[in-house]
Amino acid sequence: MRQHTVTRSSTVPSTDDAVPTGGSLMRELRAVWALWQREMLRLMRSRAQVAMTLLSPLLFLLLLGPGLETMLDTPAAGAGGEGRGSYVAFLFPGILIMAVQMPALRAGGAIVRDREAGLLRATLVAPVRRDTLLVGRCLGGASAAAVQAALLLILGPLVGLPADPGLLLLLFGALWLVAFSLTMLGALAAVLIRRVETFQALLGMVTLPLVMLSGAMFPVGALPGWLTPVILANPLTYAVDAIRRLASVEGVGPAAGGPTWGGWQPPVALELAAMLLLGLFALAVAARRFNRTG
Amino acid sequence: MNAVVAESLRKSYGGVAAVDGLDLKVATGEMFGFLGPNGAGKSTTIAMLCTLTRPDSGHASVAGFDVVRSSTDVRRHIGLILQESTTDGDLTLMENLRLHAHLYGLPRRTFPARAGHLLDLFGLAERRDQLARTLSGGMRRRLEIARSLLHEPAVLFLDEPTAGLDPHSRAGVWDHIHALRRDRPLTVFLTTHHLEEAERCDRILVLDRGRAVVRGTPAELKATVRADVVRLNTADDARAAMRIRRDFACDATVDAQGVRVVTENGAALVPRLCAVLDTPINAVHVSPPTLDDVFLHHTGRAVRDGDHAR
């Protein structure tokens, strides 16, 4: 494997993975698939944990949403033209992102836990590339996170989302992309940090501010101007905005109030592409580090 | 043909040599004991042989493949059992084995039969669909060994395979390993802190500070120490010990079990002791050196010193 250790002696030639050629790609894909499947099995067996993870977004949706709505004279951020947007409908995409964020970051962090539990070391001696192990874990973790958010997505029609299977599928796809990106960021942090406690502390520290500054609960335009760079650098800002704009068909929920780059509003496709690129970038860096450390 | 070969293997971390020019050969089918105090470099050596860490210099080959140039081939031909548990508790026994089969690219067609056979062999057949977390420590260890055999490794690396197990589970794990070796030519590379486990090895190497200090069969190693232990129970142990130190010039100490005398030839000493000592002797016991003594003699440390400090 591509372990990048200091090699000063010439007796150790630097070789890349000496995988035999025939069908080696198929073998790597099979490993990815097996690791993905493992995460799905784990998801199915941890229903209590899923329920607990979904509890707080659900509370936000069911209590905070209607609660705050009664305080608002005018329909919240009803910049959507018709002024028909309810606060709950505005909040819903933010809730979906909240639901996807925690499990995705945690899935990435599971690599730290595996390292401590020895699980990682056992898979490291398998005759597959280390990148493959990382990709398999992360795709599995991302899918598990997206599935958890999808459980909330089903509630969408209750808050005014059209019960259109195509739209729900589209939203699920977008959520998966967001989950992928966040899982990779979690994995990158995990590969860099190595200690479970430090990782947990970091997770606890960044998750709430990221949600607050993403426009999940209120339009980011309402925040003071000096926060603008933070908001624009926050990946969740684009995730929330993309989901909100995708969901805002037929005048349900406001479309405006998202991030703008110098007055120009990036299209949804660009926002999602940025999430994907961020995820791939995090994957590349994490894979580099992962290959190097034993 | 040698299953494992290492030549002047070296690895240092931060300028400190963990393994410092190690040579070793393990013949095919042999059970090889790799002993040493903590920090001696055992884990680093295993990591290099299992392609988890690249040597700074030197060569090593496992099952005929170079650990650096043909690392994937090496991986295909080894099984590695680590001290810590590496099964996934959220998966059933079968699912744990299936994950392994996928990672090793084993044929799907023959998997169910092979997995069933191995679970049967390790006395886990009736638990195949239980979650691995419901297993006891000994059963988990057996599952790990069964799993590592799925891809028919030529060399099985057992790094402290019975650490943390109670004596009964330990015996169970060993029964299975010995039964396994009766059926096939499996090379076993073992590190352990339990020297009675090392007694059953064909050959032993004692490692200290990254270097091999002594090697040979257990009997050969014990012969090198030439230190029998004579135990005496007398009416006055302190007085007896004092007399022995004075009259025989050998090392005699008093502990809870009586007087302990270390001498080159215990059997020859006993009649002379009985003739000279004026305190009544209640019991005498002569024991040949154990591997513990060998270990202490060559490393200056007891085997279990600083245990669990890994």
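## Quick notes on the confidence of the model for chain B
All names here are of chain B.
- Taken as a whole, chain B shows an average pLDDT of 87; of its residues, 97% reach a score of 70 or greater.
- Element-level pLDDT for chain B is lowest in helix H11 (residues 291-299), with a mean of 80, against a maximum mean of 95 in strand E5 (residues 65-66).
- Segment residues 306-310: pLDDT under 50, and six contacts once partners within four positions in sequence are set aside and those in other chains are kept.
- The complex prediction reports pTM at 0.80, with the ipTM value standing at 0.77.

## Some remarks on the domain arrangement of chain B
- You can read the domains of chain B as domain 1 (2-222) and domain 2 (227-288).
- With centres defined by C-alpha atoms, the gap from domain 1 of chain B to domain 2 of chain B works out at 43 Å.

## Topic: the nonpolar core
- Core analysis: the biggest nonpolar cluster contains 149 residues, and Val100(A), Leu175(A) and Ala179(A) have the highest contact counts within it.
- When residues of this core are assigned to their parent elements, the largest contribution, 18 residues, is made by helix H3 (residues 87-117) of chain A.
- The residues touching Ala179(A), leaving out its near neighbours within four places in the chain, are Val100(A), Ala104(A), Ala142(A), Ala145(A) and Ala146(A).
- With nine residues, the next largest nonpolar core counts Val230(B), Ala252(B), Val259(B) and Leu273(B) among its residues.

## With respect to the environment of Ile244(B)
- Mapped onto the fold, Ile244(B) is located in helix H9 (residues 237-248).
- For Ile244(B), a count of 23 C-beta atoms within 10 Å translates into the label buried.

## Considerations on the pairing of strand E7 (residues 155-159) of chain B
Residues and elements named next belong to chain B.
- Of all the five residues making up E7, five are buried; the element is thus mostly covered by neighbouring parts of the structure.
- Neither face of E7 is left uncovered, since the one carrying Val155, Phe157 and Asp159 and the one carrying Leu156 and Leu158 both have all their residues buried.
- Strand direction decides the pairing type here: E7 and strand E8 (residues 187-191), joined by five bridges, are parallel. Looking at E8, one finds that Asp159 is bridged to Thr191.
- Each parallel crossover has a hand, and for E7 linked through helix H6 (residues 167-183) to E8 it is right-handed.

Basis of the calculations
Residues numbered from 1 in each chain as written. Chains lettered and ligands numbered in written order. Predicted model: local features only at pLDDT ≥ 70, side-chain atom pairs only at ≥ 80, totals over all residues. pLDDT = per-residue confidence, 0-100. Helix = DSSP H or I, 4+ residues; strand = E, 2+ residues; numbered from the N terminus. Contact = placed C-beta atoms within 7 Å. Domains from an automatic or database assignment. Core = buried A, V, L, I, M, F, W, Y, C linked by C-beta atoms within 7 Å. Buried ≥ 20, exposed ≤ 12 C-beta atoms within 10 Å, placed from the backbone. Pairing = 2+ DSSP bridges. Right-handed = clockwise from strand over helix to strand, strands pointing away.

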